[in-house]
Amino acid sequence: MSRSIENRRLRLNISRIILIALILYIGYKFLDQSRLKNELTYKRTEKEIEHKKLEREISILEDEIENSDSLNFVEKIARDELGMVKPREIIIIDKEKEKENSFKGYK
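Residues numbered from 1 in each chain as written. Predicted model: local features only at pLDDT ≥ 70, side-chain atom pairs only at ≥ 80, totals over all residues. Heavy atoms only, no water.

Draft legend 1. View of the overall build of the chain. If you tally the helices and strands in the chain, you get three helices and zero strands. Beginning at the N terminus, the succession of helices and strands in the chain can be written as α-α-α. Looking at the 107 residues of the chain, the share that counts as buried comes to 1%. When the accessible area of the chain is evaluated, it comes to approximately 11,100 Å², of which 59% is carbon and sulfur surface. (Helix = DSSP H or I, 4+ residues; strand = E, 2+ residues; numbered from the N terminus. Buried < 20%, exposed > 50% of the residue type's maximum accessible area, 1.4 Å probe, protein only. Areas by Shrake-Rupley, 256 points an atom, 1.4 Å probe, with all protein chains shown as cover.)

What follows is the structure in structure tokens.
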């Protein structure tokens, strides 16, 4: 009879160990899934921000395309990209700004 009691205790202890291991495994999986969900949510937010930036850039480019026939646009391109000036216009160059801009390239 004592042998059957020992067998029952052994089975009960094994059942408890299996139950504890199962609970620990489920807990681990739950935490891992939670971490993965947070990581994916963060990545989604980053992609949404990037998407909004690209939409704004597309909108700006579409506006530039629309206005590309206007004289203001042509003047802007001539001034900014070609360095052209109007007659009797005086160009003032700030040497300090020029130095700051040249140092930015080296950082």
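Draft legend 2. Just the pattern of salt bridges, in detail. Inspection of every chain in the model, using the stated rule, returns eight salt bridges. For D32, the salt bridge goes to R35, with nearest N and O atoms at 3.0 Å. Here D32 pairs with R35, and both are found in helix 1 (residues 2–66), just three residues apart, close to one helical turn. Between E39 and R35 there is a salt bridge, and its shortest N-O distance comes to 3.2 Å. Residue E39 and its partner R35 are located together in helix 1, separated by four residues, close to a single helical turn. Through salt bridges with shared partners, a single ionic network connects D32, R35, E39 and K43. (Salt bridge = Lys/Arg side-chain N within 4 Å of Asp/Glu carboxyl O.)

Draft legend 3. Spotlight on a nonpolar patch on the surface. Together, L19, L22, I23, Y25 and I26 make up an exposed nonpolar region whose accessible area comes to about 520 Å². Looking at the secondary structure, you find L19 in helix 1. Taking the relative accessible area as the measure of exposure, L19 reaches 48% and is therefore partly exposed. (Patch = residues over 30% accessible without salt bridge, like charges linked within 9 Å, V, L, I, M, F, W, Y side chains within 5 Å.)

Draft legend 4. Region of the structure containing a negative patch on the surface. Judged by side-chain charge, E62, D63, E64 and E66 come together as a negatively charged surface patch. Residue placement: D63 occurs in helix 1. Of the residues examined, D63 reaches a relative accessible area of 39% and is grouped as partly exposed. (Lys, Arg positive; Asp, Glu negative; His and termini not counted. Charge placed at Lys NZ, Arg CZ, Asp CG, Glu CD.)

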